[in-house]
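This is what each chain is made of:
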Amino acid sequence: MSDARVDSWLWAVRLVKTRSAATTLCKAGHVRINGDRAKPAQHVSPGDEVRFAVEGGSPRVVVVRDAALQKRVGAPIAQAAYEDHSPPPPPPEERLFLGVRDRGAGRPTKRDRRDIERLLGRD
């Protein structure tokens, strides 16, 4: 068999921690195969480009080399199963620093939350 389910493949090549996490990513629409949204049962083949983003992480772009992997494999085999074309992470000085709230300041108010959202560009 030369292809595998995308959720199973993402887990097998150690790009996500659990298969259920990979399935959740697919169902939420965070996984794209060759630019199209992927359902968990969609198959990947060698040469396919898989884009996904794990929450809190930078977006990943990988090209499938070996799609026959159905079970989790060791790290050296997993790394040989794909080519990583992900953009490099920004240098530390360009990363956004989130200030730490003072101890005892309590929960942010609605105004504070809106200011934080505006600062982060999530308007």
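We now turn to the structure provided with this report.

About the criteria used
- Residues numbered from 1 in each chain as written.
- Predicted model: local features only at pLDDT ≥ 70, side-chain atom pairs only at ≥ 80, totals over all residues.
- Heavy atoms only, no water.
- Helix = DSSP H or I, 4+ residues; strand = E, 2+ residues; numbered from the N terminus.
- Buried < 20%, exposed > 50% of the residue type's maximum accessible area, 1.4 Å probe, protein only.
- Areas by Shrake-Rupley, 256 points an atom, 1.4 Å probe, with all protein chains shown as cover.
- Lys, Arg positive; Asp, Glu negative; His and termini not counted.
- Charge placed at Lys NZ, Arg CZ, Asp CG, Glu CD.
- Phe/Tyr/Trp six-rings, centres within 6.5 Å; stacked < 30°, edge-to-face > 60°.
- Salt bridge = Lys/Arg side-chain N within 4 Å of Asp/Glu carboxyl O.
- Arc of directions from axis to C-beta.
- Contact = heavy atoms within 4.5 Å.
- Core = buried A, V, L, I, M, F, W, Y, C linked by side-chain atoms within 4.5 Å.

Observations concerning the overall build of the protein
In step 1: Each helix and strand in the protein was counted, giving 4 helices and 7 strands.
In step 2: Its helices and strands taken in sequence order, the protein reads β-α-α-β-β-β-β-β-α-β-α from the N to the C terminus.
In step 3: Seen along its three principal axes, the alpha-carbon backbone of the protein occupies a region of about 55 × 30 × 25 Å.
In step 4: Scored against the burial criterion, the 123 residues of the protein give a buried share of 27%.
In step 5: Of the roughly 8700 Å² that the protein leaves accessible, carbon and sulfur atoms contribute 51%.
In step 6: When the 23 basic and 16 acidic side-chain charges of the protein are each reduced to a single mean position, those positions are 8 Å apart.

Here's the deal with the packing of aromatic side chains
In step 1: Going through the model one piece at a time under the given rule, you end up with 1 aromatic pair.
In step 2: For the ring pair Trp-9 and Tyr-82, a centre distance of 6.4 Å and an interplane angle of 80° mean the geometry is edge-to-face. Placement of the pair is Trp-9 in helix H1 (residues 6-12) and Tyr-82 in strand S7 (residues 82-84), with a sequence separation of 73 residues.
In step 3: With relative accessibility at 13%, the residue Tyr-82 sits in the buried group.

Considerations on the pattern of salt bridges
In step 1: If you walk through the whole model with that rule in mind, you get 6 salt bridges.
In step 2: Its salt-bridge partner being Arg-60, residue Asp-84 comes within 3.1 Å of it at the nearest N-O pair. With Asp-84 in strand S7 and Arg-60 in strand S6 (residues 59-64), this pair connects stretches of sequence that are 24 residues apart.
In step 3: A residue is classified by how much of its surface remains accessible, and Arg-60, at 24% relative accessible area, is partly exposed.
In step 4: Across the pair Arg-65 and Glu-83 runs a salt bridge whose closest N-O atoms are separated by 3.4 Å.

A word on helix H2 (residues 19-27)
In step 1: Taken residue by residue, H2 has Ala-22, Thr-23, Leu-25 and Cys-26 as its buried positions. Around the axis of H2, the buried residues are gathered within 160° of arc, so they sit on the same side. Projecting away from the buried face of H2 at angles above 90 degrees are the exposed residues Ser-20, Thr-24 and Lys-27.
In step 2: Check the buried side of H2 and you find it contacts H1, strand S2 (31-33) and strand S5 (49-53).
In step 3: Just downstream of H2, Gly-29 is the residue with a positive phi angle, here 85°.

Examining the nonpolar core
What tends to happen in soluble globular proteins is that the nonpolar side chains get buried as a cluster.
In step 1: Judged by nonpolar contacts, the single largest core of 25 residues is most densely connected at Trp-9, Leu-10, Val-31 and Val-50.
In step 2: For this core, the secondary-structure elements that each account for two or more residues are H1, H2, S2, S5 and S6.
In step 3: A total of 4 residues in this core trace back to one element, the largest contributor, which is H1.
In step 4: Those residues in contact with Val-31 that sit more than four places away from it in its chain are Val-6, Leu-10, Leu-25, Cys-26, Asp-36, Arg-37, Ala-38, Val-50, Arg-51 and Phe-52.

Examining the environment of Pro-87
In step 1: By secondary structure assignment, the location of Pro-87 is in the loop between S7 and helix H4 (110-120).
In step 2: In the structure, Pro-87 is positioned 26 residues away from Val-61 in sequence and 7.8 Å away in space, judged by C-alpha atoms.

So, the environment of Val-44
In step 1: Its place among the elements puts Val-44 in strand S4 (residues 43-44).
In step 2: For Val-44, a relative accessible area of 0% translates into the label buried.
In step 3: The sequence separation of Val-44 and Ala-67 amounts to 23 residues, and the corresponding C-alpha distance is 6.3 Å.

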